[in-house]
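Chain by chain, the residues run as shown.
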Amino acid sequence: METIAAVDGNVKRVTARVRGLDLPANARALHAAAEEWAGGLVRASEAPGEIVEALMELGATVCTPRAPRCGECPLAAECAAHAGGNEEAFPRAKEAVAWRSVELIGFVAR
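Reading the values: the criteria
The residue count restarts for each chain, going from 1 along the sequence in the order it is written. Restriction of local features to residues with pLDDT of at least 70 applies here, the model being predicted, together with a cutoff of 80 or more for giving and counting side-chain atom pairs; totals for whole chains, interfaces and linings are based on all residues. With hydrogens and water set aside, each side-chain value is computed from the structure's full complement of heavy atoms. When a carboxyl oxygen of Asp or Glu is within 4 Å of a side-chain nitrogen of Lys or Arg, the pair counts as a salt bridge. Helix and strand labels come from DSSP, where a helix needs a run of H or I of at least four residues and a strand needs a run of E of at least two; each type is numbered from the N terminus. What a helix should span is 1.5 Å times the count of its residues minus one. In this scheme, a residue with accessible area under 20% of its type's maximum is buried, one over 50% is exposed, and one in between is partly exposed, where area comes from a 1.4 Å probe on protein chains only. This arc corresponds to the set of directions leading from the helix axis out to the C-beta atoms. To obtain each axis, a line is fitted to C-alpha atoms, and for helices this fit is confined to the stretch in contact; angles are then taken between N-to-C directions over 0 to 180 degrees. Throughout, the term roughly parallel applies to angles under 35 degrees, roughly antiparallel to angles over 145, roughly perpendicular to angles from 65 to 115, and oblique to all others. Residue contacts follow a heavy-atom distance rule, with two residues in contact if any of their heavy atoms lie within 4.5 Å. Among the buried residues, those of types Ala, Val, Leu, Ile, Met, Phe, Trp, Tyr and Cys that are joined through side-chain atoms within 4.5 Å form a nonpolar core. When charges are tallied, Lys and Arg are placed among the positive residues and Asp and Glu among the negative ones, while His and the ends of the chain are skipped. In protein, a polar contact requires one atom able to donate a hydrogen and another able to accept it; more generally it is a pair of N or O atoms within 3.5 Å, and residues adjacent in sequence count only if both atoms are side-chain atoms.

Asks: What is the right way to look at the pattern of salt bridges in this model?
Replies: Any two side chains of opposite charge can pair, so long as their charged atoms come close to each other. Applying the stated criterion across every chain, the model contains 3 salt bridges. The shortest N-O distance in the salt bridge between R92 and D22 comes to 3.7 Å. Note that R92 is positioned in the segment after α4 (80–84) and D22 in the loop between α1 (9–19) and α2 (28–43), a separation of 70 residues in sequence. Salt-bridge contacts for R69 lead to E72; the nearest nitrogen and oxygen are separated by 3.1 Å.

Asks: Could you clarify how one ought to interpret helix α3 (residues 48–61) in this entry?
Replies: One turn of an α-helix holds 3.6 residues; hence residues three or four places apart share an orientation. In this model α3 runs 20 Å from its N-terminal to its C-terminal C-alpha over 14 residues, within 8% of the 20 Å that 1.5 Å per residue would give. Buried within α3 are the following residues: V52, L55, L58 and G59. Buried residues along α3 cover an arc of 125° about the axis, so they all sit on one side. In α3, those exposed residues whose orientation departs by more than 90 degrees from the buried face are E50 and E53.

Asks: How do you make sense of unusual backbone geometry when you look at a structure like this?
Replies: What you tend to see is this: most non-glycine residues have negative phi, and most peptide bonds are trans. Following F90, the chain continues into P91 via a peptide bond in cis, with omega recorded as -15°. With respect to the helices and strands, P91 occurs in the segment after α4. Despite not being glycine, A67 has its phi angle at roughly 50°, a positive value. Its location among the elements puts A67 in the loop between α3 and α4. For A67, a relative accessible area of 53% translates into the label exposed.

Asks: Can you help me understand the packing of α1 against α2 in this one?
Replies: Think of two packed helices as two axes; the pair is described by the angle between the axes and how far apart they sit. For the pair α1 and α2, the least separation of the axes is 9 Å and the interaxial angle reads 85°. When the interaxial angle is binned, α1 and α2 end up roughly perpendicular. Across from V11, K12, V14, T15, A16, V18 and R19 in α1, the residues of α2 making contact are L30, H31, A33, A34, E36, W37 and A38.

Asks: Mind showing me how you'd approach the nonpolar core here?
Replies: Soluble globular proteins: nonpolar side chains tend toward being buried together. Counting 25 residues, the largest nonpolar core has V14, W37 and L75 as its most contacted members. Elements that contribute at least two residues to this core include exactly α1, α2 and α3. The dominant element in this core, judged by the number of residues it contributes, is α2, at 6 residues. The contacts of W37, once residues within four sequence positions are left out, are V14, T15, V18, R19, L55 and L75.

Asks: What is the right way to read the side chain of R13 from this model?
Replies: Counting through the fold element by element, R13 comes out in helix α1. There is no salt bridge for the buried R13, and the closest opposite charge comes from D8, which lies 7.2 Å off by N-O distance. Among the polar contacts made by the side chain of R13, one reaches the side chain of N10 at a distance of 2.5 Å. With residues up to four places along the chain from it excluded, the contact list for R13 reads G59, A60, C63, T64, P65, F90 and P91.

Structure follows, in structure tokens:
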């Protein structure tokens, strides 16, 4: 059985910043990149559950959407967004969902 990482918004934000991925927060490509990156960390660890929990906690408390505390981040040295000084630019705002009009017709047979 393959070990995979649970990915939430916090993990996606950390991934986007560390890897410098200029993608919208709701992009499928960002989710896939987070699964790949975090999954590699999880598979390399003897305590995969703790790694996932740590990534989620890092995103919730240190690598926050606004005013991230990079001085406290254990990944700051390898973080592309921090190196560029534009941490809050990653990930980009969510893209609007394209709505489509659907016409439904119903009838009741007696």
